[in-house]
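So the chains spell out like this:
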Amino acid sequence: GAGVSQTPSNKVTEKGKYVELRCDPISGHTALYWYRQSLGQGPEFLIYFQGTGAADDSGLPNDRFFAVRPEGSVSTLKIQRTERGDSAVYLCASSLGTGVLPDTQYFGPGTRLTVL
Amino acid sequence: KNEVEQSPQNLTAQEGEFITINCSYSVGISALHWLQQHPGGGIVSLFMLSSGKKKHGRLIATINIQEKHSSLHITASHPRDSAVYICAVKGVYNTDKLIFGTGTRLQVFP
């Protein structure tokens, strides 16, 4: 009974580099969410997928951030030209996505990104 | 002003004490979540509420839709309850994204 998994668990990179963060949702969950949590803050929404399409990407901070979910399961969050301010824990969550309450989101352990 | 505000930000308690964490929100919602986050760990969903009250073990969550307020109560607190407790709401008019409070850091001492 696998939950949501994220890889890597920790990523240290240098300013200006490109990084990819991966999320494996719970099997059968059609909805997938990416959130970002800075130190001492609550998570902030980045992007939400329903199936393969991004239903809401209004939380992506700028065009350096991009996410894909080509087959409607695994998703990759891509960050170009990383900046020190991108350092945070990136959380992924998935839910059944049926649109009927309750639709609990199940969170992964997060990827801690540190940009030096 | 944040759309979801929690109080207190930090809370310490002695084992056995009754604990209350409050959440107020300013937007219309379809549901409110209480989540638990242990240091270095992932987030676990404790409750999802759209009205009334829910109870699970020593945890009780209530919501007052008219007052836009929810409370999370922990009875007979234990050191293993030490964690960050986060309130998050799902809006009525937008997508299924959650809007989070900044969390309440709870430490329970033996």
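Calculation rules
Residues numbered from 1 in each chain as written. Chains lettered and ligands numbered in written order. Predicted model: local features only at pLDDT ≥ 70, side-chain atom pairs only at ≥ 80, totals over all residues. Heavy atoms only, no water. Helix = DSSP H or I, 4+ residues; strand = E, 2+ residues; numbered from the N terminus. Rg over C-alpha atoms; globule rule 2.2 N^0.38 Å. Buried < 20%, exposed > 50% of the residue type's maximum accessible area, 1.4 Å probe, protein only. Contact = heavy atoms within 4.5 Å. Areas by Shrake-Rupley, 256 points an atom, 1.4 Å probe, with all protein chains shown as cover. Lys, Arg positive; Asp, Glu negative; His and termini not counted. Charge placed at Lys NZ, Arg CZ, Asp CG, Glu CD. Pairing = 2+ DSSP bridges. Axes fitted to C-alpha atoms, helices over the stretch in contact; angles between N-to-C directions. Core = buried A, V, L, I, M, F, W, Y, C linked by side-chain atoms within 4.5 Å. Salt bridge = Lys/Arg side-chain N within 4 Å of Asp/Glu carboxyl O. Polar contact = N/O pair within 3.5 Å; in protein donor to acceptor, adjacent residues only side chain to side chain.

## As for the overall build of chain B
Then step 1. Summing up its helical and strand segments, chain B has zero helices and 11 strands in all.
Then step 2. Taken against the 2.2 N^0.38 rule, which gives 13 Å for 110 residues, the C-alpha radius of gyration of chain B at 13 Å falls within 12% of a compact globule.
Then step 3. Taken along the three principal axes of its C-alpha coordinates, chain B extends 45 × 30 × 25 Å.
Then step 4. Across the 110 residues in chain B, those meeting the buried criterion constitute 45%.
Then step 5. Within chain B, counting contacts between residues at least 6 apart in sequence, those at least 24 apart form 54% of the total.
Then step 6. A total accessible area of about 5,300 Å² is found for chain B, and carbon and sulfur atoms account for 49% of it.
Then step 7. Averaging the coordinates of the 10 positive side-chain charges in chain B and doing the same for the 7 negative ones gives two points 5 Å apart.

## Some words on the sheet that holds strand β6 (residues 52-56) of chain B
Residues and elements named next belong to chain B.
Then step 1. The strand order across the open sheet formed by five strands is β1-β3-β8-β7-β6, and the pairing between neighbours is antiparallel. Every other strand in the sheet has two partners, leaving β1 (4-7) and β6 as the edge strands with one partner each. Taken over all neighbouring pairs, the strand axes of this sheet differ in orientation by 15° on average, direction set aside.
Then step 2. The pairing of strand β7 (residues 59-64) with strand β8 (residues 69-74) spans six bridges and is classified as antiparallel.

## Some details on the nonpolar core
Then step 1. With 24 residues, the main nonpolar core has L32, W34 and V89 of chain B as its most contacted residues.
Then step 2. Within the residue set of this core, elements represented by two or more residues are β3 (19-25), β4 (29-37), β5 (43-49), β7, β8, β9 (83-91) and β11 (104-109) of chain B.
Then step 3. Excluding its chain neighbours within four sequence positions, the residues that come into contact with V89 of chain B are V4, Y25, V27, I29, A31, L32, K97, L98 and I99 of chain B.
Then step 4. Listed in part, the 20 residues of the second largest apolar core include L46, L60, F65 and I79 of chain A.

## Side note on the environment of T30 of chain A
All names here are of chain A.
Then step 1. With respect to the helices and strands, the residue T30 is situated in the loop between β3 (19-24) and β4 (31-37).
Then step 2. With a relative accessible area of 29%, T30 lands in the partly exposed category.
Then step 3. Considering only alpha carbons, one finds T30 and V68, 38 residues apart in sequence, at a separation of 14 Å.
Then step 4. With residues up to four places along the chain from it excluded, the contact list for T30 reads F49, Q50, G51, R69, S95, L96 and G97.

## Quick look at the interface of chain A and chain B
Then step 1. Each side of the interface is counted separately: chain A has 21 residues, and chain B has 19 residues.
Then step 2. The interface formed by chain A and chain B contains one salt bridge.
Then step 3. The partner of K97 of chain B in a salt bridge is D56 of chain A, and the shortest N-O contact between them spans 3.8 Å.
Then step 4. On inspection of chain A and its partner chain B, the count reaches three residue pairs in polar contact (both at pLDDT 80 or more).
Then step 5. Looking at which element gives the most residues to the side of chain A that touches chain B, the answer is β4 of chain A, with three residues.

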